[in-house]
Amino acid sequence: MKIDRRCFLSLGIGAAAGITLSPLPWKITDDLSIWTQNWPWTPVPPDGKTINKKSACQLCPGGCGIAVRRIDKRVVKIEGLKGHPVNDGGLCTLGLSAAQLLYSPFRIQAPVKKVNGKWRKISWDDALATITTKMTELREEGKAHTVAGIIGGERGTVSMLWQRLFKAYGSPNLMRNTSMEDAYSLVLQKTQGNRVLPGFDFENADFVLSFGSGLIDGWGSPVRMFRALGDMKNRQAKFVQVEPRLSNTAAKADQWLPIIPGTEALLALGLIHVILSESLYQVRFVEQHCEGFDNFKKMVLETYPPEQVAKATGIKVETIKELGREFARAKNPLAVCGRGQGLTPGSFQETAAVHVLNALTGNLGEKGGVLAMPAGPEYEEWPEVEPDDVAAEALQQKRLDGAGGDEFPDAGDLPTRLAQVINTGKGDGIQLLFISGANPVYTLPDTKAVQKALAAIPFKVSFATHMDESAEMADLILPNHCFLERYEDVPVAAGLTSPIVNLAVPVVKPMYNTKHVGDSIIAIAQALGDEIADAFSWENYKTCLKETLGDEKWEKLTEEGYWVDEEFKPVPWKEGFKSAATKFIFPDPARLNHPPVSASGDAKQFPLTLIACDSMRLAGGAVGSPPFLIKITPDSVLLKEDLVVEINPATAADLGLKEGAQAVLATPKGSGRVRVHLDHGIRPGLVAMARGLGHGAHDKYLAGKGLNTNAFIGPVDDPDSGYDAAWGISASLAKA
Amino acid sequence: MDSALIPEGVKRCPLPQFTKGLAVVGAVLLWGVFAMLLCWLKGLNQTNMNDYYGFALWIWADLAVIALGGGAFFTGLLKYILGKDELKNIINFAVLIGFICYSSALLILAIDIGQPLRGWFIFWHANVHSMLTEVAFCLSCYFAVLTIEYLPLVLENRQLDKVPFFHNLTHNMHEIMPVFAATGAFLSCFHQGSLGGVAGVLYGRPFAYREGLLVWPWTFFLFTWSAAAYGPCFTIFLTKLMEKITTKKLVKDNVIELLAKISGWMIFTYIIAKIIDTGWWAFRTAPEMGFQWTDFYNNAFYGIWILIAEIVVGGIFPALILITPKGRSSSTGLWIAVILAIIGVSLNRWVMVLQVMAVPVLSFDQWVLYFPSWQEIATTILPVAYGVILTALSYRYLPIFPQEKELNPA
Amino acid sequence: MKQEQEKPKKFGMVIDLDKCTGCGACMVACMAENNVPFKENETNKLDSITWMRVYKLTNNKPFPMTEVCYLPRPCQHCEGLHTGHSPCVSVCPATATDYDMETGIVSQIYTRCFGCRYCMGACPYHARYFNWWDPVWPEGMEKMLSPNVSPRMRGVVEKCSFCFHRYQAAKDKAFYKETRAIAEDDYQTACTQACPAGAITFGDLDNKDHAVYKKKQDPNAFRLLERLGTNTKVYYLSRKEWVRKAGDNYLPGEGLQKPRRIHE
């Protein structure tokens, strides 16, 4: 049959009609739509048995209990633990996103050693042997004191094990991260006689005066503070925030006093002046329970009249007087300090002045006042370490950071001074550095100097869980389990009013070839042998933990997740103090009567002032923000990869900068490109920069975004204590 | 070479020249197809749309081409139902333009939806209360009608007409064309209206929201009316453009003038209705929702000028030119009028899509500006290129303009 | 099994803006609960999926009179002026979003949505989000996806569901326990539970025993854009007048007022 055009055409049309009328196209259309509903690249989460596990968050010192929802062996969600004394079901942004840290692609999955700049996996035996060999060699050479450590956890068994290891081995150079708690402890020691921690009874205060503390920006125990402040709204308690910037805390305050930054101590002294000159203080307290009042009073009345204070602080005389009266007349007034989240200790002058303010109104140890708190619930005592001769001799060496030395006899730890000491070549060079639970390369001020100092240390060992900035600089990493994979006690202080300890438990089995840092310490100690090994007779960390907590606590902790010391009762001032004279000792007037710590830098070259600000939407410490946090970071803080700094529109007009404009921010410590955001909620002349960005390491969600405040702000040693008292730095901002 | 396919008695350019022209437009078409494939394969992240601009350039293009393609139904209505017989000389072209416009609209919609493979859910899981459902049904049906109207024209090709079956089919279809024209007009009234309703029912968007009659907001009627009014202007514009390009007279002046006159009066009446509607909305509807009408125009970009451009420049001006005999009979006057009219109706559709999205409703929200990505622009130009090609082919091989032979004797 | 016909419920929220600190815990809790994806760069807030979004409001006064207030915005689950006539439900052409008469919750059926985005245009609260991108979790992190909420595919619209899966779970629980009613505690949204400041209260707005019932009658309670007639189920509380006024649009000279019902 010859196929002509007509035939072809009709065949074609016929076929088309036939196919259309058949079920085929309909079936295909339907199948295609079903396929779009099950795209193989869109994950389908497998179902399974749901289990809720109680544990403890360890991402900040806040001490929240967590409930971990597990489906089969997967951690699906982390929520606040209902009924927990700290957070009762609530949880902060970081805690809520903690599962993203567990499943982060940036976990360190096995012990690794740096060979020619590249990481190579090694066995645990090799990793531990490398360390013990090095430590044994150093001890033999009489250089035990050149082994140093920077650790994050301030309390708890892991921290205790580190201290024990350093004592038994013979090095004084173990440094803990410092915070406002250190400044507070020192003030409590000087005034009340024992080095304890402060507790703040917000729950019963009816007037809260905060000197720049970010009470709802992560200060203290964040969730507890949220709850306490929410409760204050219900009780109609008044809350005054003294801060140069309208932070979230200032926004929630009943009154915002935008002070000139760095002059908070002066305002506190000015308020004391009002109270003293108008005799508004608690007379019985001053007359019966104090020492040094007259000298102190004289100094304040002479040096800090409200008129003078008003000039320095930028706060009106009338406001100061009214505030002083209102504070003193309140039934349960409470003044607190520690800037932002309290990550920087702050000056002795400021902390002491604020504490005296509390003392004068008679609220020490009282309802709604400041309490002297133990560092945590009591543990079963460990046998005393008996350092051998080598160790005993090495422990006589002065600490590198100068803490407890001639210059700063009062300080416990001064890690912020370490870089300066190493870079100026003072003291014997550190040969071996342990970094555990800390990320000094990111968190210590003056990043450049810290990097330089660390680069000068020949061997650095990290116990990180994630490949952070400090781990990247290390030579050997002995990865710790992620906190959701390990046992650990979490004693909580953070300004709470009763001693609490939480227990973190492994909610999932360790995913990788990691080891509990406690087990690593025990293994190192046992391998070092002799007296050192004798001091670590535990089989492993878990038995150590169990023994230390004791059966009763262990049982309660594994069941409930937390243990509260019900017996604890604060000691009211009427019952005296722990000082030798059992009295409150007013601080030496000389230590308060001097200009406050100023921002470093030449005012001509750097006419502005840079301040760092903390928020709950970014993790500003050793832990890098997980993707959820980066997602909720506002575009007024991070725009694409650029850090956005906040300035007052008036400042912007002076500088010729418009909203979103690119600019170069420079300080004596560093410079970088930023964008500007104009906001009326900040004092003119200031530049505010969010803490928590500018990570060099971590995953692609975080790395390379924004800039690190620590690269711009250097440490300033407080002349009285040596603690870092920097609150900002001189800066310039120019159109890019 | 292809002379056997060209209608009898008319002159066409040589095939190589025609092919070259097609190739240039074809390249633009391919660029558009490439962008379309990107959107289908990679998703709508290829566009600059976002959660504030869920509707943007494409939906505007859809509304605009459908309004401009309104010439087809309205001319059909005038010729077949209202008996304006002169219009038979332009109806073919009007149908062609309508066909192009509506097929383009459907294509753009198919790119615009996030799940094109599920697009048919609009029919299968139809929500009869949604204006968009009404649009989808009427649009598809009317497109079918346009296809039926366009088909006889295709079959009138010299070679196809030789097939007796096609010849007879064409003849019979011509006979029943009034039925389709009536159906088309009915469907068009509804889908043009429901396109207006799409914005008008948005009671969460005070800029778009209009009160109305029963379930239909006033924009429903305004859209139908404006499509009928402005569509013929587009038909006239393209006819004039064809004449410029081919350097031939294709349609007699009396035909054009008749259409222009009707269009002029339609625009005139429409713009009065539009002014009344705007006034009612500005001084009654919006204030009840807490807005001053100026709030809607206080953005730095074009402000109040867009309203003036739409109503005065794109409405009153062309209406006045077209209703005056002198205006519409002068070549310049006609050109200016139809171009202003096209701009006017396009602006109206722009405002009813883009500005609806841009105006913040929450007091603490912000104006957001939008600029389309190249993929959006390319896919919007794609139907233009396709339209040019289909028009060129139709003009070359089909007797689109019945008066061409008479006006251009060999 | 007792299965009496239950009275329809009207779930809603009361958010105390004086307590909200803007910390963002509600946003994170929501994302973790509902498998909301995240991209490498989320600084373009115009295509960032946040079912719960915290807005920052200011009184626009210069330093130092500036005041700031944070406003969490979940889907408002509008009822409209006749039941179920919410702005989005009424326009969806494919019935992919629905007003549940039993709970008053506006649902979204992801597998039916074909991505026309008409509902987004209809919603004045920007509570609806389009999946412009394929959701991608970094390797390993898909482990934390919850099986109770299906991850969405590219090209569809999603939004806050008042954690509807939790309602279903609560209903199952009530069914097994043979109790008729769902206890207030048994059905709480993820954001409500996570809020560290206790600013969010959730429950049945029509149930006198639920906390929201009383709170919504506070003289300082207001809803967003009441004048439009969206008739939402999220109430806000603030002692500050400028905050209450920011909740709606007012003509110059108009004071805070209860809205006239405009299109009945």
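Conventions and cut-offs
- Residues numbered from 1 in each chain as written.
- Chains lettered and ligands numbered in written order.
- Predicted model: local features only at pLDDT ≥ 70, side-chain atom pairs only at ≥ 80, totals over all residues.
- Heavy atoms only, no water.
- Helix = DSSP H or I, 4+ residues; strand = E, 2+ residues; numbered from the N terminus.
- Buried < 20%, exposed > 50% of the residue type's maximum accessible area, 1.4 Å probe, protein only.
- Contact = heavy atoms within 4.5 Å.
- Buried area = accessible area lost by both parts, 1.4 Å probe.
- Salt bridge = Lys/Arg side-chain N within 4 Å of Asp/Glu carboxyl O.
- Polar contact = N/O pair within 3.5 Å; in protein donor to acceptor, adjacent residues only side chain to side chain.
- Nonpolar A, V, L, I, M, F, W, Y, C, P; charged D, E, K, R; others polar.
- Domains from an automatic or database assignment.
- Pairing = 2+ DSSP bridges.
- Axes fitted to C-alpha atoms, helices over the stretch in contact; angles between N-to-C directions.
- Left-handed = near helix turned anticlockwise from the far one by under 90°.
- Parallel < 35°, antiparallel > 145°, perpendicular 65-115°, else oblique.
- Phe/Tyr/Trp six-rings, centres within 6.5 Å; stacked < 30°, edge-to-face > 60°.
- Lys NZ or Arg CZ within 6 Å of the ring centre and 35° of its normal.

1. Section: unusual backbone geometry
The general pattern is negative phi for most residues beyond glycine and trans for most peptide bonds.
Residues and elements named next belong to chain C.
At step 1: Of note, the amide linkage connecting phenylalanine 63 to proline 64 takes the cis form, showing an omega dihedral of 0°.
At step 2: One non-glycine residue, threonine 95, lies in positive phi territory at about 50°.
At step 3: If you trace the backbone, threonine 95 turns up in the loop between strand S3 (68-73) and strand S4 (97-99).
At step 4: Taking the relative accessible area as the measure of exposure, threonine 95 reaches 25% and is therefore partly exposed.
At step 5: Look at histidine 126: it is not a glycine, yet its phi comes out positive at around 55°.
At step 6: Looking at the element boundaries, histidine 126 is found in the loop between helix H2 (118-122) and strand S6 (129-130).

2. Quick notes on the interface of chain B and chain C
At step 1: Contact residues are listed per partner, giving 53 residues for chain B and 59 residues for chain C.
At step 2: Both sides together, the interface formed by chain B and chain C hides about 4,600 Å², and carbon and sulfur atoms give 59% of it.
At step 3: Considering only the surface of chain B that becomes buried against chain C, Asp51(B), Tyr203(B) and Phe364(B) emerge as the three largest contributors, covering 19% of it.
At step 4: Counting the contacts that link chain B with chain C gives 1 salt bridge.
At step 5: Between Asp112(B) and Arg117(C) there is a salt bridge whose closest N-O contact spans 2.8 Å.
At step 6: Counting across the interface, chain B meets chain C through 28 residue pairs in polar contact (both at pLDDT 80 or more).
At step 7: Elements supplying a minimum of two residues to the side of chain B that touches chain C: helix H1 (15-42), helix H5 (121-124), helix H6 (131-155), helix H8 (164-200) and helix H10 (253-288) of chain B.
At step 8: A per-class count over the side of chain B that touches chain C returns 28 nonpolar, 18 polar and 7 charged.

3. Overview of the environment of Asp51(B)
All names here are of chain B.
At step 1: Note that aspartate 51 resides in the loop between H1 and helix H2 (57-68).
At step 2: Overall, the relative accessible area of 4% leaves aspartate 51 in the buried class.
At step 3: Placed 115 residues apart in sequence, aspartate 51 and phenylalanine 166 show a C-alpha to C-alpha distance of 51 Å.

4. Overview of the interface of chain A and chain C
At step 1: Listed as interface residues are 68 residues of chain A and, on the opposing side, 65 residues of chain C.
At step 2: For the pair chain A and chain C, the summed buried surface comes to about 5,400 Å²; carbon and sulfur atoms form 60% of the total.
At step 3: A per-residue breakdown of the area chain A buries against chain C is headed by Phe628(A), Lys631(A) and Tyr701(A), which together make up 13% of the total.
At step 4: The interface formed by chain A and chain C includes 6 salt bridges.
At step 5: On the surface where chain A and chain C come into contact, there are 21 residue pairs in polar contact (both at pLDDT 80 or more).
At step 6: It is helix H8 (residues 222-235) of chain A that contributes the most residues to the side of chain A that touches chain C, 6 residues altogether.

5. Here we look at the domain arrangement of chain A
A common measure of how large an interface is: the accessible area buried when the components associate.
All names here are of chain A.
At step 1: With domains assigned, chain A is organised as domain 1 (123-179 + 387-480 + 515-550), domain 2 (197-373 + 580-592) and domain 3 (608-735).
At step 2: Residue-level contacts link 23 residues of domain 1 with 26 residues of domain 3.
At step 3: Between domain 1 and domain 3 lies a buried interface of about 1,800 Å² when both sides are counted; carbon and sulfur atoms form 50% of it.
At step 4: Considering only the surface of domain 1 that becomes buried against domain 3, Phe408, Tyr442 and Asp446 emerge as the three largest contributors, covering 33% of it.
At step 5: For the pair domain 1 and domain 3, the interface holds 2 salt bridges.
At step 6: The closest approach of N and O atoms between arginine 417 and aspartate 717, which form a salt bridge, is 3.0 Å.
At step 7: In this assembly, domain 1 and domain 3 are joined by 16 residue pairs in polar contact (both at pLDDT 80 or more).

6. Side note on the sheet that holds strand S17 (residues 476-477) of chain A
All names here are of chain A.
At step 1: Strand order in the open sheet made by the 7 strands is S5-S4-S17-S16-S15-S6-S7, with mixed pairing throughout. Each edge of the sheet is formed by a strand with only one pairing partner; in this case those strands are strand S5 (118-121) and strand S7 (174-176).
At step 2: Pairing of strand S4 (residues 112-115) with S5 involves 4 bridges; the strand directions are antiparallel. Pairing of lysine 114 across the sheet is with tryptophan 119, part of S5.

7. Regarding the packing of H10(B) against helix H11 (residues 305-323) of chain B
How two helices pack is summed up by the angle between their axes together with the distance between the axes.
All names here are of chain B.
At step 1: Taken N-terminus to C-terminus, the directions of H10 and H11 make an angle of 145°; their axes are 8 Å apart at the nearest point. Once H10 is placed against H11, the crossing between them reads as left-handed. Residue-level contacts link Ala260, Lys261, Ser263, Gly264, Trp265, Ile267, Phe268, Tyr270, Ile271, Lys274, Ile275 and Thr278 of H10 to Leu307, Glu310, Ile311, Gly315, Ile316, Ala319, Leu320, Leu322 and Ile323 of H11.
At step 2: Classifying every residue of the contact of H10 with H11 gives 14 nonpolar, 4 polar and 3 charged.

8. A few points about the sheet that holds strand S20 (residues 562-564) of chain A
Residues and elements named next belong to chain A.
At step 1: Taken in spatial order, the 3 strands line up as S18-S19-S20 in an open sheet, and their pairing is antiparallel. On the outer flanks of this sheet lie strand S18 (488-492) and S20, each paired with one strand and no other. Across the sheet, the mean angle from the axis of one strand to that of its neighbour is 20°, orientation sign disregarded.
At step 2: Alignment of S18 against strand S19 (residues 500-504), held across 5 bridges, turns out to be antiparallel. Bridge pairing in S19 places valine 490 opposite asparagine 502.

9. Points about the pattern of salt bridges
At step 1: Counting across every chain of the model gives 62 salt bridges over all chains.
At step 2: A salt bridge links Glu42(C) to Lys39(C); the shortest N-O distance between them is 3.3 Å.
At step 3: The closest approach of N and O atoms between Arg223(C) and Glu226(C), which form a salt bridge, is 3.4 Å.
At step 4: Owing to a relative accessible area of 12%, Arg223(C) belongs among the buried residues under this scheme.
At step 5: Within this structure, Arg69(A), Lys77(A), Glu79(A), Glu33(C) and Arg166(C) form a network of salt bridges that share partners.

10. Concerning the packing of H11(B) against helix H13 (residues 331-358) of chain B
All names here are of chain B.
At step 1: For the pair H11 and H13, the least separation of the axes is 8 Å and the interaxial angle reads 150°. Here H11 lies roughly antiparallel to H13, going by the angle between them. For H11 against H13, the interelement crossing comes out left-handed. Only Gly333, Leu334, Ile336, Ala337, Leu340, Ala341, Gly344, Leu347, Asn348, Trp350, Val351 and Gln355 of H13 make contact with H11, whose side of the interface consists of Ile306, Ala309, Glu310, Val313, Gly314, Phe317, Pro318, Ile321 and Leu322.
At step 2: When the residues that make up the contact of H11 with H13 are grouped by side-chain class, the tally is 15 nonpolar, 5 polar and 1 charged.

11. Some remarks on the packing of aromatic side chains
All names here are of chain A.
At step 1: Tallying each qualifying case throughout the model produces 70 aromatic pairs over all chains.
At step 2: Chaining the aromatic ring pairs together yields one cluster made of Tyr281, Phe285, Phe293, Phe296, Trp573, Phe577, Phe584 and Phe586.
At step 3: Above the plane of the ring of phenylalanine 459 lies lysine 134, whose end atom (NZ or CZ) is 4.1 Å from the centre.
At step 4: If you follow arginine 591 out to its NZ or CZ, it ends over the ring of phenylalanine 348, 4.5 Å from the centre.

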